[in-house]
Amino acid sequence: MSRASAAPGEQARNPPLSLPTWAVRAPLAEWMRAEAERSDGARVLDVGSGVKPYFPFYEPHAKEFVSVDIENPAADLQGAVEDLPVPDASFDIVICNQVLEHCADPAQAVRELRRVVAPGGRVLASTHGVQVYHPAPDDLWRWTHAGLERLFADNGDWRNVTVTPSSGTTACVGMLISIYVALVTKRARVQPLGRAVIAGINRSARAIDRRSELLRSTRPGTIHANYHVVAEA
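Below: a short report on this structure. Being a predicted model, the structure only gives us computed values, none of them experimental.

Rules of the game
Residues numbered from 1 in each chain as written. Predicted model: local features only at pLDDT ≥ 70, side-chain atom pairs only at ≥ 80, totals over all residues. Heavy atoms only, no water. Helix = DSSP H or I, 4+ residues; strand = E, 2+ residues; numbered from the N terminus. Rg over C-alpha atoms; globule rule 2.2 N^0.38 Å. Buried < 20%, exposed > 50% of the residue type's maximum accessible area, 1.4 Å probe, protein only. Contact = heavy atoms within 4.5 Å. Lys, Arg positive; Asp, Glu negative; His and termini not counted. Charge placed at Lys NZ, Arg CZ, Asp CG, Glu CD. Patch = residues over 30% accessible without salt bridge, like charges linked within 9 Å, V, L, I, M, F, W, Y side chains within 5 Å. Areas by Shrake-Rupley, 256 points an atom, 1.4 Å probe, with all protein chains shown as cover. Salt bridge = Lys/Arg side-chain N within 4 Å of Asp/Glu carboxyl O. Pairing = 2+ DSSP bridges.

Quick look at the overall build of the protein chain
Here comes step 1: The number of helices and strands found in the protein chain is nine helices and seven strands.
Here comes step 2: Relative to the 2.2 N^0.38 estimate, which gives 17 Å for 233 residues, the radius of gyration of the protein chain is 18 Å and therefore close to what a compact globule would have.
Here comes step 3: In terms of overall dimensions, the protein chain has C-alpha extents of about 50 × 45 × 30 Å along its principal axes.
Here comes step 4: Evaluated residue by residue, the protein chain yields a buried proportion of 48% over its 233 residues.
Here comes step 5: Here the contacts in the protein chain between residues at least 6 apart in sequence split such that 69% fall between residues at least 24 apart.
Here comes step 6: Looking at charge distribution, the protein chain has the averaged site of its 25 positive side-chain charges lying 9 Å from that of its 26 negative ones.

A short note on unusual backbone geometry
Most peptide bonds take the trans configuration, and most residues that are not glycine carry a negative phi.
Here comes step 1: In this chain, A136 is followed by P137 through a cis amide linkage whose omega measures -5°.
Here comes step 2: Counting through the fold element by element, P137 comes out in the loop between β5 (117–128) and α6 (145–153).
Here comes step 3: One non-glycine residue, A89, lies in the positive phi region at around 50°.
Here comes step 4: Mapped onto the fold, A89 is located in the loop between β3 (77–78) and β4 (91–97).
Here comes step 5: Its identity is not glycine, yet R189 carries a phi of approximately 60°, on the positive side.
Here comes step 6: Structurally, the position occupied by R189 is in the loop between α7 (169–187) and α8 (191–210).

Notes on a nonpolar patch on the surface
Here comes step 1: On the surface, a cluster of nonpolar side chains totalling about 210 Å² of accessible area is made up of V173, I177 and I223.
Here comes step 2: Tracing the backbone shows I223 in the loop between α9 (213–216) and β7 (226–232).
Here comes step 3: Judged by relative accessible area, which is 31%, I223 ranks as partly exposed.

Some remarks on the pattern of salt bridges
Here comes step 1: Taken as a whole and judged by the stated rule, the model has nine salt bridges.
Here comes step 2: Its salt-bridge partner being R122, residue E35 comes within 3.1 Å of it at the nearest N-O pair. Of the two residues, E35 is situated in helix α3 (residues 22–37) and R122 in strand β5; the sequence distance between them amounts to 87 residues. Across the pair, exposure class does not vary: E35 and R122 are buried alike.
Here comes step 3: Across the pair E213 and R219 runs a salt bridge whose closest N-O atoms are separated by 2.7 Å.
Here comes step 4: Under the relative-accessibility criterion, E213 is labelled partly exposed at 41%.
Here comes step 5: Exposure remark for R219: the relative accessible area of 43% places this residue in the partly exposed category.

Quick look at the pairing of β7
Here comes step 1: Of all seven residues in β7, six are buried; the element is thus mostly enclosed.
Here comes step 2: Here β5 runs beside β7; their pairing, made up of seven bridges, is antiparallel. Looking across to β7, one finds that L124 is bridged to V230.
Here comes step 3: In this structure, strand β6 (residues 160–165) lies alongside β7, joined through six bridges in antiparallel fashion. Bridge pairing links T162 to V230 in β7.

If you want it as structure tokens, here you go:
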């Protein structure tokens, strides 16, 4: 077993097609891997780090990787995204994955992300467009791409803000169906069947979205499970 595969969060780094939230997790892992490969010599802050699933991606490249989270003994620092316990402009890359939907004040969170990123650095944030209610402990917000663009533009002086859907409309619909397939098959104690059905849904949704630029776009009528934000300081 490799060192990376033995680290916590292996399912986040390599999500199986049978995962109900594959439409969120697979693109996020691909994005984090690509961003890590261009992080040579960077100081990285992981906000809302959890088990630090993407640390193995950054470890070979980054100069420093610091994690911060609320009531998490695995984190290097304890603190909320609205009040980060680090100095101004102290990190080249600030990661904030799947945190904004849970925080009490998203506008203040974005202001803090801007405060701690160094000039020329970037914030990498991901959050939900469409998702079932999942309190952890709170679940407060959902966004469109336009809403996220405004949230960042109104709460920081950025050189550029780009918001990209993580996957297409078919994948989003497939995710919602898969979540309930997983629930029903768990209660019926036929989870292997559920995993097979979910893998088929995800595989088919991926194929359909790949063939349609319309389904991958942010045009009226589309829905997206997750968004990736790159905010350049």
